[in-house]
There are 2 protein chains.
Amino acid sequence: MGATKTEHFTDKQNDIATLSKALGHPARVAIIDYLLSVDACICGDIVNELPLAQATVSQHLKELKNAGLIKGSIEGNAICYCIDEKALQKMQQYFAKVSDRLARKKSKC
Amino acid sequence: MGATKTEHFTDKQNDIATLSKALGHPARVAIIDYLLSVDACICGDIVNELPLAQATVSQHLKELKNAGLIKGSIEGNAICYCIDEKALQKMQQYFAKVSDRLARKKSKC
DNA sequence: GTTTAATATTGCAATATTACGATAGTATTT
DNA sequence: AAATACTATCGTAATATTGCAATATTAAAC
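The sections below set out a description of the structure shown in this document.

What counts and how
Residues numbered from 1 in each chain as written. Chains lettered and ligands numbered in written order. Predicted model: local features only at pLDDT ≥ 70, side-chain atom pairs only at ≥ 80, totals over all residues. Heavy atoms only, no water. Contact = heavy atoms within 4.5 Å. Buried area = accessible area lost by both parts, 1.4 Å probe. Salt bridge = Lys/Arg side-chain N within 4 Å of Asp/Glu carboxyl O. Polar contact = N/O pair within 3.5 Å; in protein donor to acceptor, adjacent residues only side chain to side chain. Helix = DSSP H or I, 4+ residues; strand = E, 2+ residues; numbered from the N terminus. Nonpolar A, V, L, I, M, F, W, Y, C, P; charged D, E, K, R; others polar. Least-squares fit on C-alpha atoms with pLDDT ≥ 70 in both.

## Some details on the interface of chain A and chain B
Turning to step 1, where the next piece is worked out: Across the boundary between the two partners, chain A contributes 49 residues, which contact 49 residues of chain B.
Turning to step 2, where the next piece is worked out: Summed over both sides, the interface of chain A with chain B buries roughly 4,300 Å², with 66% coming from carbon and sulfur.
Turning to step 3, where the next piece is worked out: For the interface between chain A and chain B, the tally reads zero salt bridges.
Turning to step 4, where the next piece is worked out: Counting across the interface, chain A meets chain B through six residue pairs in polar contact (both at pLDDT 80 or more).
Turning to step 5, where the next piece is worked out: Going through the elements one at a time, α1 (11-22), α2 (26-37), β3 (78-83) and α5 (85-104) of chain A are the ones with two or more residues in the side of chain A that touches chain B.
Turning to step 6, where the next piece is worked out: No other element matches α5 of chain A, which puts 11 residues into the side of chain A that touches chain B.
Turning to step 7, where the next piece is worked out: The residue makeup of the side of chain A that touches chain B, split by class, is 27 nonpolar, 12 polar and 10 charged.

## Concerning the relation of the copies chain A and chain B
Turning to step 1, where the next piece is worked out: When chain A is fitted to chain B, the best match, at an RMSD of 0.0 Å, comes from turning it 180 degrees and sliding it 0.0 Å along the axis. This pairing of chains is accounted for by a two-fold axis.
Turning to step 2, where the next piece is worked out: Take the interface residues of chain A: 100% of them recur as interface residues in chain B, which is what a same-surface contact looks like.

Shape is all these values report; function is a separate question.
As structure tokens, then:
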């Protein structure tokens, strides 16, 4: 074996897992951080910001894009990446709900 | 190669990545969901809740514990698992901050 | 002390991820 | 059209993850 058994879990669980997995690498968290720090959708220079080879960064960007966390649009001979708010809102809402439920729990450990 | 280059990223980035990675599998999201749904720290029966073999569930629990998302305390001949609020609060705060920064961004795509 | 119940660990096979050099593609510039 | 700049993809090696059967561990119950 080795393949994840996604079919046994709910869509919501698979959804949160997919987004979490995409953020499960420091380089990808760093990319999100960088896209947040520049007040614009950035064309190019993400590669220069990260201590990784261009091919590796490209792969990380692809994963973030596949998970729906960022979008890229072609802008001349460069590509303009920016954060997809919807996905991050989904995460925010999930953890807000979790925190809320934790606060209501009577029996703590 | 193949090993993650954690040393090139900030502690905060590695921290969020570690927690995200731990939630990057539907079974582990399901475990968190289940621990939230029962208003108690559960001893046993997590295995029965999941469509996976006991050994596999045990492994997932170990990963959640290593990431600091859950804690387990021995309770007789069973083990009592419960959510570690601190880790989930950290995630909640991170995404709240991200959402806040997104809301302030002037230039959208 | 032996059985029983609940978890953990080990060992292994299948698959996925991470990283990078080399190369290809695409659009601008000259 | 050739050179340049930016990004994606391919190929490959190293490592990590997923899943489970089998086995170990641990503590209660008998």
